[in-house]
Amino acid sequence: YDSTQIFEYLEDRHPEPPLYPRDVAERARCRRLEAAADEILFRPVWALIEEAFYPAGGSGRDTLRAEKAKAELARLYQGLDAELRGREYLCGAFSVADIGTFVLLNAASTLGAPPAGDCANLKAWLARCAARPAVRRELETTQAFLQTLFAPNARDAGAPSTANRSSPSPAPGS
């Protein structure tokens, strides 16, 4: 039903390896960061998704909306970069905070809003997450699926029309 509930179920059902830190303070930090991904980071990413994949209104694409979303993401990236200062992952070991945040940052990067060069901690974190075997497999599977959607002969195969859309760029680390 909800990614947070799914994470909690998986933690209860399969506690090893842990998806939440064992330390109480780090566990609270993890919950805060995962909630921020769901509630704060999601909004500008969703704006980019709508502008890229949903039919344009009568007046065309809302480029101002997309630019505002990119500016908001740039501001949020600065905060995430600071969260990662001196850390390999957001909460010590790889956690639900990393998963929830990575999914959205990967989508934003694919939609033309990657972290800027001044977010070195965040860029290094993205690369570390993308290099994890399970994440890499998912990125490869997703990229292969997207390529079928945007293939030149996709309309002949019954896939959605890609008129007026550009092919997404490869996901970071793919």
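Counting from 1, residues in each chain are numbered in the order their sequence is written. Given that the model is predicted, a residue must reach a pLDDT of at least 70 before its local features are reported, and side-chain atom pairs must reach 80 or more before they are shown or counted; all residues, however, enter totals for whole chains, interfaces and linings. Excluded from the side-chain calculations are hydrogens and water; all other atoms, namely the structure's heavy atoms, are used.

So, the overall build of the protein
Helix and strand counts for the protein stand at six helices and zero strands. Note on conventions: DSSP H or I runs of at least 4 residues are helices, E runs of at least 2 residues are strands, and numbering of each starts at the N terminus. Secondary structure elements of the protein occur, N-terminal to C-terminal, as α-α-α-α-α-α. Contact between two residues is taken to exist if any of their heavy atoms lie within 4.5 Å; hydrogens are not considered. Taking as baseline every contact in the protein between residues at least 6 positions apart, the subset at least 24 positions apart corresponds to 64%. Carbon together with sulfur atoms contributes 57% to the accessible area of the protein, which is approximately 10200 Å² in total. With residues, only the protein chains shown are counted as cover, and all accessible areas are computed by Shrake-Rupley using a 1.4 Å probe.

What about helix α1 (residues 3-13)?
When accessible area is computed with a 1.4 Å probe and restricted to protein chains, residues below 20% of their type maximum are described as buried, those above 50% as exposed, and intermediate ones as partly exposed. Those residues of α1 not exposed but buried are Thr4, Phe7 and Glu11. The arc that holds every buried residue of α1, seen down its axis, measures 60 degrees, which confines them to one face. Exposed side of α1, more than 90 degrees from the buried face: Asp12 and Arg13 are the residues found there. Of the surrounding secondary structure, the elements contacted by the buried residues of α1 are α2 (24-53) and α4 (96-110). Identification of polar contacts relies on pairs of N or O atoms within 3.5 Å, with a donor-acceptor requirement for protein atoms, meaning one able to donate a hydrogen and the other able to accept it, and with residues adjacent in sequence counted only if both atoms are side-chain atoms. The backbone nitrogen of Thr4 lies 2.9 Å from a side-chain oxygen of the residue at the head of α1, namely Asp2. Each direction from the helix axis to a C-beta atom contributes to the arc, which is the arc of those directions.

Focus: the packing of α2 against α4
All axes are obtained by fitting lines to C-alpha atoms, using only the stretch in contact for helices, and the reported angles, taken between N-to-C directions, cover 0 to 180 degrees. At a closest axis distance of 8 Å, the pairing of α2 and α4 adopts a crossing angle of 15 degrees. When the axes of α2 and α4 are compared, the pair comes out roughly parallel. The two elements α2 and α4 cross, and the hand of that crossing is left-handed. Only Val96, Ala97, Gly100, Thr101, Leu104, Leu105, Ala107 and Ala108 of α4 make contact with α2, whose side of the interface consists of Cys30, Leu33, Glu34, Ala37, Leu41, Phe42 and Val45. Any residue outside Ala, Val, Leu, Ile, Met, Phe, Trp, Tyr, Cys, Pro, Asp, Glu, Lys and Arg is labelled polar, Gly included; the first ten of those are nonpolar and the last four are charged. Looking at the contact of α2 with α4 residue by residue, the class counts come to 12 nonpolar, two polar and one charged. We call two directions roughly parallel when the angle between them is under 35 degrees, roughly antiparallel when it is over 145, roughly perpendicular when it lies between 65 and 115, and oblique otherwise. The sense of a crossing depends on the near helix, which, turned anticlockwise from the far helix by less than a right angle, makes the crossing left-handed and, turned clockwise, makes it right-handed.

Topic: a nonpolar patch on the surface
By definition, no residue in a patch forms a salt bridge, and every one has over 30% relative accessible area; like charges are joined within 9 Å, nonpolar side chains (Val, Leu, Ile, Met, Phe, Trp, Tyr) within 5 Å. The rule for a salt bridge is simple: a side-chain nitrogen of Lys or Arg has to be within 4 Å of a carboxyl oxygen of Asp or Glu. Taken together, Ile6, Tyr9 and Leu10 make up a surface patch of nonpolar side chains, about 280 Å² in accessible area. Structurally, Leu10 is set in helix α1.

A look at the environment of Ile49
Inspection of the secondary structure assignment puts Ile49 in helix α2. In this view, Ile49 contacts Tyr54 and Leu111; residues no more than four positions away in its chain are not counted.

Description of the side chain of Glu51
With respect to the element layout, Glu51 can be found in helix α2. At 3.2 Å, the side chain of Glu51 forms a polar contact with the side chain of Arg65.

Side note on unusual backbone geometry
Cis geometry is found at the peptide bond from Glu16 to Pro17, where omega equals -10 degrees. Along the chain, the position of Pro17 falls in the loop between α1 and α2.

Quick notes on the confidence of the model for the protein
When pLDDT drops low, the exact placement of atoms in the prediction is not to be read closely. Confidence of the predictor at the level of single residues is captured by pLDDT, which takes values from 0 to 100. Mean pLDDT over the protein works out to 87, with 87% of the residues at or above the 70 mark. When the elements of the protein are averaged for pLDDT, α1 gives the smallest value, 89, and helix α5 (residues 120-131) the largest, 97. Overall, residues 159-174 carries pLDDT values under 50, and its contacts beyond four positions in sequence, including any with other chains, amount to 29 contacts.

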